[in-house]
Protein chains: 2
Amino acid sequence: MTGTKKHTVKSIAQMLNVSTATVSNAFNRPDQLSRELRQRILAECERLGYSGPNPAARSLRTGATGVVGVMLADKLAYNFTDSCALEFLQGVSQVLDDAQVNMLLMPGRREFYREKSLEAIPERYILYGPPRDMGILERIERQRKPIVSVDFSLPNHLALNVDNYGGAKAAAQHIFATTDGPVYVMGLRLTKTPMMKRIDEEELRSPDLSISRQRLEAYLDAGREAGRPIRTEHIWSSNESTWYEGIQAAREALNSVPRPAALLCMSDQLALAALSVARELEIDVPGQLKIVGFDDTPEARRNHPQISTVYQPSVEKGRLAAMMVLNPERYESRVLPTTLHIRETS
Amino acid sequence: MTGTKKHTVKSIAQMLNVSTATVSNAFNRPDQLSRELRQRILAECERLGYSGPNPAARSLRTGATGVVGVMLADKLAYNFTDSCALEFLQGVSQVLDDAQVNMLLMPGRREFYREKSLEAIPERYILYGPPRDMGILERIERQRKPIVSVDFSLPNHLALNVDNYGGAKAAAQHIFATTDGPVYVMGLRLTKTPMMKRIDEEELRSPDLSISRQRLEAYLDAGREAGRPIRTEHIWSSNESTWYEGIQAAREALNSVPRPAALLCMSDQLALAALSVARELEIDVPGQLKIVGFDDTPEARRNHPQISTVYQPSVEKGRLAAMMVLNPERYESRVLPTTLHIRETS
DNA sequence: TCGACTGTCCGTAAGGTTAAACATAACCCG
DNA sequence: CGGGTTATGTTTAACCTTACGGACAGTCGA
């Protein structure tokens, strides 16, 4: 009910008997006016509760929105539970904050966009993992804005990857070197159809560049090189890296015959779940069963026993992705290193 | 280098020989034109890669941005590591997604805002915890936009709280009933100066409505009612609910004499840290030491042993906060219930 | 002393959209 | 048939900002 009229550059300008351009400059180009006038204007704005030029009008005029879209593979809620994604986002937000740029989190499934599409807002995109719904990708590419893809590659765009193959291979080699019995794989999203728990021969032969497949290839290669190839029926897959799905898959794997001597897990989340099931079945880790994870999330380190895992620089990955998308011309596609950390579960 | 001219309502309109208003209506008011014309326009837009009216121009014209600001107490990075905050955000994003509204995460410290302030963008605010820098609050209130405060209250605005006192009291009563020795408190942000590990008498007497203090009062009252008042020097405080700080405080507490028989922790994070230190010192939980947490985060449930804790509906809190801020006139301030979950650490 | 330069400030013209008011034709009902 | 409704479009006027080209006075170098 308070008739507090909205302030604009114009109203401020009138009040001070200067031009609107000058008020604008006071905010945006300090060098365009004398220090004292600028101070006077800013003080008046403060007094009147005018907190700077209207962002909508500005971005209409300049054509820039100051927003970077971070498209996550799936729906948002899921990523809020995945600490690997969280560390990545943390890295991104550090850099974006410094650059005074906003981060718009976007789900990677078209169902979440109705008609009033948001795609128009961001000026640049970070794609964290291949979007579930690849149709969205096409629409984004059509906008011809800077794109950085993370954990996968896109022709003609900057890509930021991690040495999944190297890390997974190191982990697998370590396991094969310290184990005699059968080695099982706890995979992530290996099958095309969400409900499948096992990958089949045919699917195994079809090409796929996802990080899961890179890791799987490394596991398989290590097995072959050790003269103990991993059998297809020993590869389990859970569709999401959630606690519940992990528990289910681990329960099936650990109850099967012959019982595995080691579990190569494609995420720490899965390793944690496997560990929990092992405790439930009274299987001693690492005595009877060795477990190695992937990602090196904080939970892996904090757990008892501490989980052996492959470190990947998630925060740094986020920081770098943000820097790359802000200055695409200054960067080239990169692959970040991974390192095996042997701890208490192997 | 492709001369792909930018499309606008105007260019589309020209191309189809209709007015700009009609194109606009095709997107915003389906009832204002015939179904066929609308289809024709939409198809043409799809063909040309025009993904709808420019959001900046729209919001300049309508005065609405479709953005809800979620102001977090501190810097953003911190919240990405606190699973209680994460669950809250998850709840918020569920509702906001459905309402086609965007969520802008904002840090609660002024240092993060330079001149090109973002405060002007959001049309409504959710304040998650009292902002570190209260000056920011004043500036937001001046804008006279809907505000919902969560976990604290603000005169003349909707507030959403949780029964901290009740939950903490139940936890403390349970501990006093099952323990004989000294009961220590592991607090959160109890002291004004960040570096202090112990609260002093004077500070204890100064009023404070933060959730930490509500919980503390409950602990103290329970102690008094049990005839075993908690001594001031048995109250520890860590400034952030991080793993590292928790470990430090727990180490000091568990090494002090007399050794506590129970720890009332103000967060699960702290309880987890305490548990880890207990293991390090070979103190049996719950045999020699009982521990109870707060929040009931997923980690509390997954841990071995599972942590006894006070459940608060974090996701629901987020959902409700979002609904309240979208329809302030339909809601009143509320206090959500908490429940004690006794598990394996007490 | 003159021309060139510098430091300040101003006027104007977009920029893409939509609400409101207006226009037109088709339709309906007694 | 006449008056009023409905369905469908159009015209116009903001919304608030900033880039750009000028304008004007004072300063500097030769």
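Rules of the game
Residues numbered from 1 in each chain as written. Chains lettered and ligands numbered in written order. Predicted model: local features only at pLDDT ≥ 70, side-chain atom pairs only at ≥ 80, totals over all residues. Heavy atoms only, no water. Near = heavy atom within 4 Å. Polar contact = N/O pair within 3.5 Å; in protein donor to acceptor, adjacent residues only side chain to side chain. Helix = DSSP H or I, 4+ residues; strand = E, 2+ residues; numbered from the N terminus. Phe/Tyr/Trp six-rings, centres within 6.5 Å; stacked < 30°, edge-to-face > 60°. Buried < 20%, exposed > 50% of the residue type's maximum accessible area, 1.4 Å probe, protein only. Lys NZ or Arg CZ within 6 Å of the ring centre and 35° of its normal. Core = buried A, V, L, I, M, F, W, Y, C linked by side-chain atoms within 4.5 Å. Contact = heavy atoms within 4.5 Å. Salt bridge = Lys/Arg side-chain N within 4 Å of Asp/Glu carboxyl O. Pairing = 2+ DSSP bridges. Axes fitted to C-alpha atoms, helices over the stretch in contact; angles between N-to-C directions. UniProt positions renumbered as here; feature names shortened; annotations may be inferred. Expected span 1.5 Å × (residues − 1). Parallel < 35°, antiparallel > 145°, perpendicular 65-115°, else oblique. Left-handed = near helix turned anticlockwise from the far one by under 90°. Nonpolar A, V, L, I, M, F, W, Y, C, P; charged D, E, K, R; others polar.

1. Observations regarding the protein's contact with DNA strand D
Neighbouring DNA strand D are 22 residues; V9, S24, Y50 and R61 of chain A together with T22 of chain B lie closest to it. Close to the protein, within 4 Å, the atoms of DNA strand D are drawn from sugar and phosphate at a rate of 72%. N28 of chain A is positioned such that a nitrogen or oxygen atom in its side chain is 2.9 Å from a phosphate oxygen of DNA strand D. Counting residues per element, the surface near DNA strand D draws most heavily on helix α4 (residues 55-62) of chain A, which supplies four residues.

2. Observations concerning the packing of aromatic side chains
Residues and elements named next belong to chain B. For the coordinates displayed, the defined rule picks out four aromatic pairs over all chains. Ring geometry for F27 versus Y50: centroids 5.9 Å apart, planes at 75°, classification edge-to-face. Linking F27 in helix α2 (residues 20-28) with Y50 in the loop between α3 (35-48) and α4 (55-62), this pair joins segments that are 23 residues apart in sequence. Taken together, a centroid distance of 4.2 Å and an interplanar angle of 20° make the contact between F88 and Y128 stacked. Of this pair, F88 sits in helix α6 (residues 83-98) while Y128 sits in strand β3 (residues 124-128), placing them 40 residues apart in sequence. The buried category is assigned to F88, whose relative accessible area is 0%. Residue Y128 is classed as buried on the basis of its relative accessible area of 10%. The ring centre of F294 lies 3.7 Å from the NZ or CZ of R215, which sits over that ring.

3. So, the nonpolar core
Considering soluble globular proteins, one finds that nonpolar side chains tend to be buried as a cluster. One finds I126 of chain A together with I126 of chain B to be the most contacted residues of the largest nonpolar core, which totals 59 residues. Here I126 of chain A is in contact with V68, G69, V70, M71, F88, V92, V148, V150, A321, A322 and V325 of chain A, once residues within four sequence places are set aside.

4. Here's the deal with the pattern of salt bridges
Residues and elements named next belong to chain A. Here the structure, examined in full by the defined rule, presents 20 salt bridges over all chains. Residue K169 is joined to E225 by a salt bridge in which the shortest nitrogen-to-oxygen separation is 2.7 Å. Here E225 lies in helix α10 (residues 211-225) and K169 lies in helix α8 (residues 164-178), a separation of 56 residues in the sequence. The exposure class assigned to E225 is exposed, which follows from its relative accessible area of 54%. The salt bridge involving D296 is made with R301; its shortest N-O contact spans 3.6 Å. Several salt bridges converge on common partners, so that one network encompasses D296, R301 and R343.

5. Quick word on the sheet that holds strand β7 (residues 235-238) of chain A
All names here are of chain A. If you trace the four strands from one edge of the open sheet to the other, you get β7-β6-β8-β9, paired in parallel fashion. In this open sheet, the two strands that pair with only one neighbour each are β7 and β9 (290-292). Each neighbouring strand pair of the sheet contributes to a mean axis angle of 20°, computed without reference to strand direction. In terms of strand pairing, strand β6 (residues 183-188) meets strand β8 (residues 262-265) through four bridges, oriented parallel. Directly across from V183, in β8, lies its bridge partner A262. α10 contacts β6, β7 and β8 of the sheet and is inclined by roughly 170° relative to β6.

6. A short note on unusual backbone geometry
Backbone torsion omega between V285 of chain B and P286 of chain B reads 5°, so that peptide bond is classified as cis. Within the element layout of this structure, P286 of chain B appears in the loop between α12 (268-280) and β9 (290-292). Residue H304 of chain B is joined to P305 of chain B through a cis peptide bond whose omega torsion reads -5°. Despite not being glycine, D151 of chain A shows a phi value in the positive range, around 70°. By secondary structure assignment, the location of D151 of chain A is in the loop between β4 (147-150) and β5 (158-162).

7. Brief notes about the UniProt feature "domain: HTH lacI-type" (unreviewed entry) in chain A
UniProt's entry tags residues 8-62 of chain A with the feature "domain: HTH lacI-type" (unreviewed entry), counted in the numbering of this structure. Secondary structure across residues 8-62 of chain A divides into 71% helix and 0% strand, with the first and last C-alpha atoms of the span separated by 17 Å.

8. A short note on helix α10 (residues 211-225) of chain B
Residues and elements named next belong to chain B. For α10, which comprises 15 residues, the first-to-last C-alpha distance of 21 Å matches the rise-based estimate of 21 Å (1.5 Å per residue) to within 8%. Among the residues of α10, S212, R213, R215, L216, A218, Y219, L220, D221, A222 and G223 are the ones counted as buried. Where the residues of α10 are buried, they touch α8 (164-178), β6 (183-188), α9 (201-205), β7 (235-238) and β8 (262-265). One or two steps after α10, the chain reaches G227, where phi turns positive at roughly 75°.

9. A short note on the environment of E44 of chain A
Residue and element names in this part refer to chain A. Within the secondary structure, E44 is located in helix α3 (residues 35-48). The exposure class of E44 is buried, given its relative accessible area of 13%. Sequence separation between E44 and L16 is 28 residues, and the spatial gap between their C-alpha atoms is 8.3 Å. Those residues in contact with E44 that sit more than four places away from it in its chain are M15 and L16.

10. Thoughts on the side chain of H174 of chain B
Mapped onto the fold, H174 of chain B is located in helix α8. Once you skip the residues sitting within four places of it in the chain, H174 of chain B turns out to touch L340, I342 and S346 of chain B.

11. Focus: the sheet that holds strand β4 (residues 147-150) of chain B
Residue and element names in this part refer to chain B. Taken together, the six strands give an open sheet; going across it, the order is β2-β1-β3-β4-β5-β11, and neighbouring strands pair in parallel fashion. The sheet is open, and its two borders are formed by β2 (102-106) and β11 (334-336), each paired with just one other strand. For this sheet the average axis-to-axis angle between neighbouring strands, irrespective of direction, equals 20°. One ladder, built from three bridges, connects β4 with strand β5 (residues 158-162); its direction is parallel. Looking across to β5, one finds that V150 is bridged to L160.

12. A short note on the packing of α4 of chain A against α4 of chain B
With their axes 8 Å apart at the nearest point, α4 of chain A and α4 of chain B run at an angle of 140° to one another. One way to sum up the angle between α4 of chain A and α4 of chain B is to call them oblique. Relative to α4 of chain B, α4 of chain A is oriented so that their crossing is left-handed. Contact with α4 of chain A, carried on its side by A56, A57, S59 and L60 of chain A, involves A56, A57, S59 and L60 of chain B of α4 of chain B and no other residues of that element. Classifying every residue of the contact of α4 of chain A with α4 of chain B gives six nonpolar, two polar and no charged.

13. Here's the deal with α4 of chain A
Put simply, N54 of chain A is the residue that caps the front of α4 of chain A, since its side-chain oxygen is 2.7 Å from the backbone nitrogen of A56 of chain A. One or two steps after α4 of chain A, the chain reaches G63 of chain A, where phi turns positive at roughly 80°.

14. Focus on the protein's contact with DNA strand C
Lining the immediate environment of DNA strand C, one finds 26 residues, of which T22 of chain A together with V9, S24, Y50 and R61 of chain B sit closest. If you look at DNA strand C and keep only atoms within 4 Å of the protein, 71% of those are sugar or phosphate atoms. N28 of chain B is positioned with one of its side-chain polar atoms (N or O) 2.8 Å from a phosphate oxygen of DNA strand C. R58 of chain B is positioned with one of its side-chain polar atoms (N or O) 3.0 Å from a phosphate oxygen of DNA strand C. Mapped onto the surface near DNA strand C, the elements with two or more residues apiece are α2 (20-28) and α4 of chain A together with α2 and α4 of chain B. The greatest single-element share of the surface near DNA strand C, amounting to five residues, is contributed by α4 of chain B. Split by residue class, the surface near DNA strand C holds eleven nonpolar, eleven polar and four charged.

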